[in-house]
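# Structure assessment
The lines below spell out each chain.
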Amino acid sequence: VIDLVAEHQPVRISELAKLLDEDRSAIQRAVATIAEAGWIRPAADAPSQWELSAHIFTIAALPQSINVLRQRSRKVLEALRQDTGETAFVAIPDGTRFVVIESVESDHSLRSALRVGQFIEPERTASGRAFLPHLSLDQQRAMLGRDPTEEEIDQFSRTVERGFGVSVGDVSLGATNLATTLFGTGGEPI
């Protein structure tokens, strides 16, 4: 419930129930419990909707290695935005998806903007196409929740050849996204 509130805030209980395919009264009880613990609160301008509270910052301290990555990537992202005029971000794997840990937005009036903490699914995304080719088949299965398709395997080969992943209109109509993988000191994709 907390993940969905963060992703869709401000959000109504009925929307949460629909997203989770759960009984509305069960979600109402979960929301009441989470609100009582201080993790969420009614939205200021829409009291029937819920949003995260500032209490989330009590656990938001990232591991040191992620903080270092955020700090080191910031200047690179700003330079990339300056050179391209586009939004740039860093996302790290988090189980079966990626989570954005740093982002700098384009100055364009109309832009694609990812916020820190936003999730990115690996399927059909430039991030997934850039990262998955560097994993073992077992790791690919774990992230995708299934075996990669023939089309994905073909995409992985093209990614390795050109050095970056591409998504053209696969996530948002008219949007083209490019992604590359960063590697740790041991050569592992991070």
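Residues numbered from 1 in each chain as written. Predicted model: local features only at pLDDT ≥ 70, side-chain atom pairs only at ≥ 80, totals over all residues. Heavy atoms only, no water.

## Thoughts on the sheet that holds strand 4 (residues 97-104)
Put simply, the rule is: Here, strands pair whenever DSSP counts at least two bridges between them. For the purposes of this entry, the term helix denotes a DSSP run of H or I that reaches at least four residues, the term strand denotes a run of E that reaches at least two, and both are numbered from the N terminus.
Strand order in the open sheet formed by three strands is 3-4-5, and the pairing between neighbours is antiparallel. Every other strand in the sheet has two partners, leaving strand 3 (88-94) and strand 5 (119-120) as the edge strands with one partner each. The pairing of strand 3 with strand 4 spans seven bridges and is classified as antiparallel. Note on strand 4: the bridge partner recorded for alanine 91 is valine 100.

## Concerning the nonpolar core
The line we're drawing: Grouping buried Ala, Val, Leu, Ile, Met, Phe, Trp, Tyr and Cys residues that are joined through side-chain atoms within 4.5 Å yields what is termed a nonpolar core. Here's how the labels work: a residue is buried when its accessible area is under 20% of the maximum for its type, exposed when over 50%, partly exposed in between, all with a 1.4 Å probe on protein chains only. Contacts: residue pairs with any heavy atoms within 4.5 Å of one another.
Core analysis: the biggest nonpolar cluster contains 14 residues, and Val5, Leu16, Ile27, Val31 and Ile40 have the highest contact counts within it. Secondary-structure elements contributing two or more residues to this core are helix 1 (2-8), helix 2 (13-20), helix 3 (24-36) and strand 2 (46-52). Look past the residues within four positions of valine 5 in its chain and what remains in contact with it is Val11, Leu16, Ile40, Trp50, Glu51 and Leu52. The next biggest cluster of nonpolar side chains, apart from the first, holds ten residues, and it includes Val100, Phe131, Leu135 and Phe156.

## Some points on helix 2
An α-helix turns once per 3.6 residues; consequently, residues spaced three or four apart project the same way. Quick reminder of the rule: It is the directions from the helix axis to the C-beta atoms that the arc portrays.
All of the buried residues in helix 2 are Ile13, Leu16 and Ala17. Burial along helix 2 is one-sided: seen end-on, the buried residues are contained in an arc of 100 degrees. Contact partners of the buried residues in helix 2: helix 1, helix 3 and strand 2. One or two steps after helix 2, the chain reaches aspartate 21, where phi turns positive at roughly 55 degrees.

## Looking at the environment of phenylalanine 131
On the secondary structure map, phenylalanine 131 appears in helix 5 (residues 126-131). Between the C-alpha atoms of phenylalanine 131 and valine 166, which are 35 residues apart in sequence, the distance is 11 Å. Beyond its immediate chain neighbours, meaning those up to four positions away, phenylalanine 131 contacts Pro93, Phe98, Met143, Thr181, Pro189 and Ile190.

## Remarks on the side chain of serine 103
Its place among the elements puts serine 103 in strand 4. What makes serine 103 buried here is its relative accessible area of 12%. Discounting chain neighbours no more than four positions away, the residues touching serine 103 are Arg74, Leu77, Thr87, Ala88, Phe89, Leu114 and Val116.

## Comments concerning helix 3
Going by this rule: Multiplying one less than the number of residues by 1.5 Å gives the expected span of a helix.
The terminal C-alpha atoms of helix 3, which comprises 13 residues, lie 18 Å apart, in line with the 18 Å expected from a rise of 1.5 Å per residue. Burial in helix 3 covers these residues: Ile27, Val31 and Ile34. Seen from one end, helix 3 has its buried residues packed into an arc of 65 degrees, which puts them on one side. Residues of helix 3 that are exposed and point more than 90 degrees away from the buried face comprise Arg29, Thr33 and Glu36. Elements in contact with the buried residues of helix 3: helix 1, helix 2, strand 1 (40-43) and strand 2. Looking one or two residues past helix 3, glycine 38 carries a phi angle of roughly 90 degrees, positive in sign.

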